[in-house]
Amino acid sequence: MTQVQNRKEFEAWLKEQDRWVSVAMAARIGLRVLPKLGPVIVQDPKEYSATIVLPVFRAIAVPWVAGTRPTQGTEFRAAYAADAAAAAYAAVYAAYAAAAAYAAVYAADADADAAAVYAADAAAAAYAAYAAAAYVNIWEEIHLDIAAIETGATVEQLMERPLWGKMPDDVKEHWQELKQALLGLDENWQVWTQWYEDRLISGPKPNGRPVYYPLEKERVLIPDEDWEKGPAHVNGLIARIEERYRGISEPSGQQAASLEFERKPNGKIGRQPLQPQKAEDEEQAEIWREAWEGIRFSFDDLLEMQPARNLPRLQPILKRYDRALSQDFDDMSVVQLGQMGQRLLELLNRNTDMLSDDVTGEISALLASHHDFIRQMPRWQKFLAARNDDIGKEDVALSLTLGHQSIEEPEMLEKEAAEDVELSLKSVEDVLDEGEEQEEWLKDKSLPADHVRSMDNLMNVSCQLIIREIREKGNDVTQLDDPTKDMLMKLCDDEVLVQTLMEQGARSEFAWLIPLLHFIRTASKAES
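Here we summarise the structure given alongside this text.

Turning our eyes to something else, we now look at the environment of Lys 229. By the secondary structure assignment, Lys 229 is in the loop between α14 (224-227) and α15 (231-246). Relative accessible area serves as the criterion here: at 55%, Lys 229 is assigned to the exposed category.

Moving on to the packing of aromatic side chains. Tallied over the full model, the rule gives 13 aromatic pairs. An angle of 50 degrees between the planes, with centres 5.7 Å apart, marks the rings of Tyr 212 and Tyr 245 as tilted. Residue Tyr 212 is located in the loop between α12 (190-201) and α13 (213-220), and its partner Tyr 245 is located in helix α15; the two are separated by 33 residues in the primary sequence. Comparing Tyr 212 with Tyr 245, the two get one shared label, buried. Consider the rings of Tyr 245 and Phe 519, whose centres lie 4.9 Å apart with planes at 65 degrees: the pair is edge-to-face. You can see Tyr 245 sitting in helix α15 and its partner Phe 519 sitting in helix α26 (residues 513-527), a full 274 residues away along the chain. With respect to burial, Tyr 245 and Phe 519 carry one shared label: buried. The rings of Phe 57, Trp 64, Trp 189, Trp 192, Trp 195 and Trp 227 are connected pair by pair, giving a single aromatic cluster. Looking at Arg 19, its charged tip hangs above the ring of Trp 20, at a distance of 4.4 Å from the centre.

A few words on the nonpolar core. With 106 residues, the main nonpolar core has Phe 10, Phe 57, Trp 192, Leu 488 and Leu 516 as its most contacted residues. If you tally residues by element for this core, the top one is helix α4 (residues 45-68), at 12 residues. Apart from residues no more than four positions distant in its own chain, Leu 488 is found in contact with Met 459, Cys 463, Ile 466, Leu 513, Leu 516, Leu 517 and Ile 520. If you look at the next biggest cluster of nonpolar residues, it comprises 31 residues, including Trp 292, Met 340, Leu 347 and Met 377.

Glancing now at the pattern of salt bridges. All chains considered together, the criterion is met by 19 salt bridges. The salt bridge involving Asp 224 is made with Arg 58; its shortest N-O contact spans 2.6 Å. With Asp 224 in helix α14 and Arg 58 in helix α4, this residue pair connects regions lying 166 residues apart in the sequence. When its relative accessible area of 37% is taken as the criterion, Asp 224 is described as partly exposed. In this structure, Lys 485 engages Asp 486 in a salt bridge whose closest nitrogen and oxygen atoms are separated by 3.0 Å. A relative accessible area of 29% places Asp 486 in the partly exposed class. Among the charged side chains, a network of salt bridges with common partners joins Arg 28, Arg 32 and Asp 145.

Right, let's get into the environment of Leu 516. The residue Leu 516 is located in helix α26 in this model. Given the relative accessible area of 2%, Leu 516 is considered buried. It is 8.4 Å that separates the C-alpha atoms of Leu 516 and Arg 244, two residues lying 272 residues apart in sequence. Each residue touching Leu 516, except ones within four places of it in the same chain, is listed here: Ile 248, Cys 463, Ile 466, Ile 467, Ile 470 and Leu 488.

Conventions and cut-offs
- Residues numbered from 1 in each chain as written.
- Predicted model: local features only at pLDDT ≥ 70, side-chain atom pairs only at ≥ 80, totals over all residues.
- Heavy atoms only, no water.
- Helix = DSSP H or I, 4+ residues; strand = E, 2+ residues; numbered from the N terminus.
- Buried < 20%, exposed > 50% of the residue type's maximum accessible area, 1.4 Å probe, protein only.
- Phe/Tyr/Trp six-rings, centres within 6.5 Å; stacked < 30°, edge-to-face > 60°.
- Lys NZ or Arg CZ within 6 Å of the ring centre and 35° of its normal.
- Core = buried A, V, L, I, M, F, W, Y, C linked by side-chain atoms within 4.5 Å.
- Contact = heavy atoms within 4.5 Å.
- Salt bridge = Lys/Arg side-chain N within 4 Å of Asp/Glu carboxyl O.

Taken by themselves, the reported measurements are silent on function.
In structure tokens, the structure reads:
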């Protein structure tokens, strides 16, 4: 592999690569040296955050997002007059000046200087390395990046690699210094501190936060006049942009219900085969046992943390969960285990602020394993089909709307799935009619509750494509030729439905749809 030891050798190597390699390298170098601003910023956080840190973050964000989509990189020339790699040099140059205690003089003009002096991408990236070498052993990390490129990694793949093989201790300390100084200003600096920590880890979903290309595109293309109004203003804009995208979460998985769905090869939504009612063979039985053992170990680890110390009402739930789980797989009470798992989730959602991060994480991990396990148990499936759920009128009404609209979209459902949805609708509507005749809300809500879960499953599967498209296309998702998108746009036009869903909020089974509908509604207005 190529070994470079100085600016001249690095520039020579870069000139032999695609120009976007220079952009990516420059962005990664700038990101590595940025924490070195910490010791300077703490001297006057309010002043230096506006005159140094914000321009530096902006300068680095441009080549970073351009490097993640090289084929679309020219979109960002409007953000800087200079090439993207030169913008990254600007960030490193600002950091270099900061360490010398006169960055305030240079930061504002760093991008202009870079444009004038380093118009060539390779030269800009090479000089970025030269400037960064004053702070960290940058050449070792550059060698790792070079090795990745020379062994076949694309620019996109390079940008998904962690920034460091091993992050130096002093860089970690300086980052914490800088982070705390910024967060103490109450100016929405989390939009940048979280962004930076995502870049440290990299990958398609760093820190559990998916990378939304349209979000990052909107971030760097905020007009100059907004940036000139300072951190409080522009960070507030970014926070609102992030809220639009980050509120849209991946559906957590289908609920146990009479109707479960999957997207078929033809693009339509069809029925998912029902879970088997018993283990088909010894191998499957052994898998269930192994899964149970994993939950048992996880639960025992949770108990050792004494999670009920700050939340006494958690104790009886844990005790009943323990009894239901039992010390032996064959003695497990499946129905009670499922009920206590739901109760534990409800308690966690309402009382997160009373639990330590470690306990919250352990319970969340337990519940994730619990959910995957319990839904496979035939007895739990049978119980769910017959249970009398306390379901609200609003969710039942919304599930009926979703059912009718889905079967009215001719290209959305396969024939068998559409027939099943129609039968489910008829059954629920018959039950509701009986309730109206008796002038009372339902005493037996098992059918409506099952229909609510079934329609949640349908939306879960059908919206996955929409969510992926939002990550790639942002507001342009409104142009997608997909029946689910058409259905969601119709829902957005139903003012009463949207208002009811908003009022229900987290109480609704369909709460996860709220940010998705909000995004599509906003995008539709932007397109009109």
